[in-house]
Every structure is written in C-alpha cells, then in structure tokens.
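Topology and contacts: notes
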Amino acid sequence: ALFVFHVSAGHIRSPLLRFVLALAVVLLPIALMEIADSGVDAPWYMDFALFWACLWRPKTRTGMAGAAAIGFFTAASTLMSVVFAPLLLARVIALPRLREHAVTAGWAAGCLLQLPYVVSNLASVHSRAGHPAAPGLVFAFYGHGVVLPALGWHLAWWLQSAAGRNGATLIIGGILAVFFLWALITQRGGPRVFVVAALLTGFLFAAFGAIISSNLPGLPVTENIEHGSRYTTLPTFLIAAAAIVVVDSFIRHRQLRLQTVAAVTALVGVLSVGWITDFRYQGFRSDDAVNWPPVATAWLHACQHTPDGLIHGPDGLIHIQGPAGSTVLRPIPCARLRRLYLTWVACG
C-alpha cells in the first residue's frame, strides 16, 4: 500500500485520492475471501504493486532497485505476472533508454526462474494447459467475477436478488461502461491511456486465470465463497484505480470548488459501499480445514524410515485434501521438510 501510494504520484496528484488508492490494497472487496491472512497469497498483492511499477519512472538508483525488486519477486512468485508483458513491451517502445527498464529487467529475471517449472509442467499429464476453459466461460467469469462485484460483493448479491445474476451484471456493467466511456471522451492524454491500460490488463489477468484453471468458472458461487476469486482481485483493483485517476484528472482541470468536492465525495462514497460492507471475511485459505501439526509430525516420522530422503504416497506423490479440493504435490525432500519445520517452530 505504501509503495502504491508513492509511485502513483505521477498519475494521481491529489494526496487524498492517492491515500484512497492505497486503502484499496487493504480494503479491496473480494480479496478477503481467498487471499487475505495467508502468507502464500502475498504474490497476489504484489501484482498490484507490479502494475504501478510498470508505469513508474524512478529518478534515483534506490527507486530503480525497488522497481526491479518488485518485478523480480512478483514474476518469480507467480506465473500470472506474464500478463504484464504487453505493458512492459509498450514501456520499452515508449522509453528506449536502458535506465528506464529496471522493472523490466527484474520481471524478466523472475520469469527466467519460472521457465524450468513451466517447461516441466507443460510436459506433465497434470498440466492445466492441456485443458483450457472455453471462451464463453472465460467471458462469463469476467462478467460475474469482476464486473458484477466491482462495486461491492454484498451489493452484488442484493442486486442479484432483485434482477438475477445476468441482470445484475448488466446493471453494474452499464454503470461502469457509461462512466469510463465518459472518461475516454472527455479526458485527454495520460488519463485516457491509463483507463485503457488498466481495464485491458485487468481483463487479461482474469481471462488468463480462468483459462489455466478451467474448472473454476463452472464451480458454484455462493455469498460466502467464490473459487478463483484470487484471479478477480487485481482486475477489481484496477477498475478502482482507473476511476480514481479519472476523478483526479477531472478535479485537476476544474476550478469550481463545488464540482471538485462533489466528484471526490461521489468517488469515495461509491467505493466505500463495497469496502465497508465487504470487510468481514476470513480467507478460506487461512482456515483450519487441514490440521497441519499431526500431518507434519507424520511426515517427519516417515522421514526417519525413508532411505532416499523423499516422502512418497501410494502412487509416488502426496495428496492433500484442502478446502478447494484435492491438490497433488510432488515428493517432498526430507531435508527441506526439516528446515521448514524448524522455521515453523521458531516462528511460533
């Protein structure tokens, strides 16, 4: 949140609106359902920072090092960062000087670390790439998972009770379409480009997630859970970011104080509807569906009788039943398990 507040200054001049943008990292609707309160989900928040790092032009070596670090650690942590490739390519074309591409270099280095995993995964029978989702399911996932709850998860369900799921999606989608079409018509230069870049990046992110996890778009969605909501957090964040940039540009070119106050109040009011009503979930990845202490103890005990230093299940793999279904893991080296166990004990 602090990083986003700092680097967004080139696009959002109002400190108040930049503060609202930083709050979105913490109070974003939907995020609490799946990615909050779980360290393994930190990369999904890092995607927020990487988007802004792609647009940032740091002036100091410290800033360039920070941008490179964000690019590297995000790309090395999640393959989803590949969707930033068009943004970074546009950056290379628009800013050909080498010193402008610290974030690009960091991102590329992180992707290189991902390459062996990607190659081995594509060759595996369990690879998701061999079973992509149909285009219709991808668009439905974006509409129902991003557009519909963009202004608030609970608001979306209240609206669905009156208009149905597709009807509610059309209503929210219509509101967003009118607002952003107005922005594209009335705004010039940077704000217009930002809106296009943010909305396209968000769509690509959600679509890529739905394609590689083809089972998610077809899973039932309830008021308390949406499988795959991790793929909707960045797109939702970017919709809010685009709205903030538009309002900042509007008030920057208006001298009437009443219009400025009205625009900022309307923006904060609309965003608050979702943020306040949705800030009440415990992430389902942080619950106690798996009682890990006895599982870890059993693994450590098995390591004492394993000559090759690997834990194997009946078919050579380990299966762990989690809240989202069965996850297949490769054999676990005992040396690594002992290190993780010692770290776990040290951290309490």
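What counts and how
Residues numbered from 1 in each chain as written. Predicted model: local features only at pLDDT ≥ 70, side-chain atom pairs only at ≥ 80, totals over all residues. Heavy atoms only, no water. Core = buried A, V, L, I, M, F, W, Y, C linked by side-chain atoms within 4.5 Å. Buried < 20%, exposed > 50% of the residue type's maximum accessible area, 1.4 Å probe, protein only. Helix = DSSP H or I, 4+ residues; strand = E, 2+ residues; numbered from the N terminus. Contact = heavy atoms within 4.5 Å. Axes fitted to C-alpha atoms, helices over the stretch in contact; angles between N-to-C directions. Parallel < 35°, antiparallel > 145°, perpendicular 65-115°, else oblique. Left-handed = near helix turned anticlockwise from the far one by under 90°. Nonpolar A, V, L, I, M, F, W, Y, C, P; charged D, E, K, R; others polar. Disulfide = S-S within 2.5 Å. Phe/Tyr/Trp six-rings, centres within 6.5 Å; stacked < 30°, edge-to-face > 60°. Lys NZ or Arg CZ within 6 Å of the ring centre and 35° of its normal.

1. Considerations on the nonpolar core
Counting residues in hydrophobic clusters, the biggest one holds 73 residues, and the most contacted among them are W52 and F237. The element contributing the most residues to this core is helix α11 (residues 230-252), with 15 residues. Sequence-distant contacts of W52, defined by excluding residues within four places in its chain, comprise V4, V7, S8, H11, I12, L21, F194, F237, A241 and V245. W299, L300, C303 and I311 belong to the second largest nonpolar core, which has seven residues in total.

2. Focus: the packing of helix α8 (residues 135-147) against helix α10 (residues 190-212)
The N-to-C vectors of α8 and α10 enclose an angle of 120°; their axes lie 9 Å apart at closest approach. Classified by the angle their axes make, α8 and α10 are oblique. Relative to α10, α8 is oriented so that their crossing is right-handed. Contacts between α8 and α10 involve V138, F139, F141, Y142 and V146 from the first element and L199, G202, F203, A206, A207, A210 and I211 from the second. Of the residues in the contact of α8 with α10, the class split is eleven nonpolar, one polar and no charged.

3. Re the state of the cysteines
Following the criterion strictly, the structure yields one disulfide and no others. The disulfide partner of C303 is C334, and the S-S distance across this bridge is 2.2 Å. As the torsion about the S-S bond is roughly -95°, the C303-C334 disulfide counts as left-handed. Residue C303 is found in helix α13 (residues 292-303), and its partner C334 is found in helix α14 (residues 334-346); the two are separated by 31 residues along the sequence.

4. Describing the packing of aromatic side chains
One pass over the structure, following the stated rule, counts 15 aromatic pairs. Look at Y45 and F48: their rings are 5.7 Å apart centre to centre, the planes differ by 70°, and that puts the pair in the edge-to-face class. Residue Y45 and its partner F48 are both found in helix α4 (residues 42-55); the two are separated by three residues, about one turn of the helix. A residue is classified by how much of its surface remains accessible, and F48, at 1% relative accessible area, is buried. Taken together, F179, F180, W182 and F250 form an aromatic cluster joined through their ring pairs. Positioned above the aromatic ring of F5 is the side chain of R18, whose terminal nitrogen or guanidinium carbon lies 4.5 Å from the ring centre.

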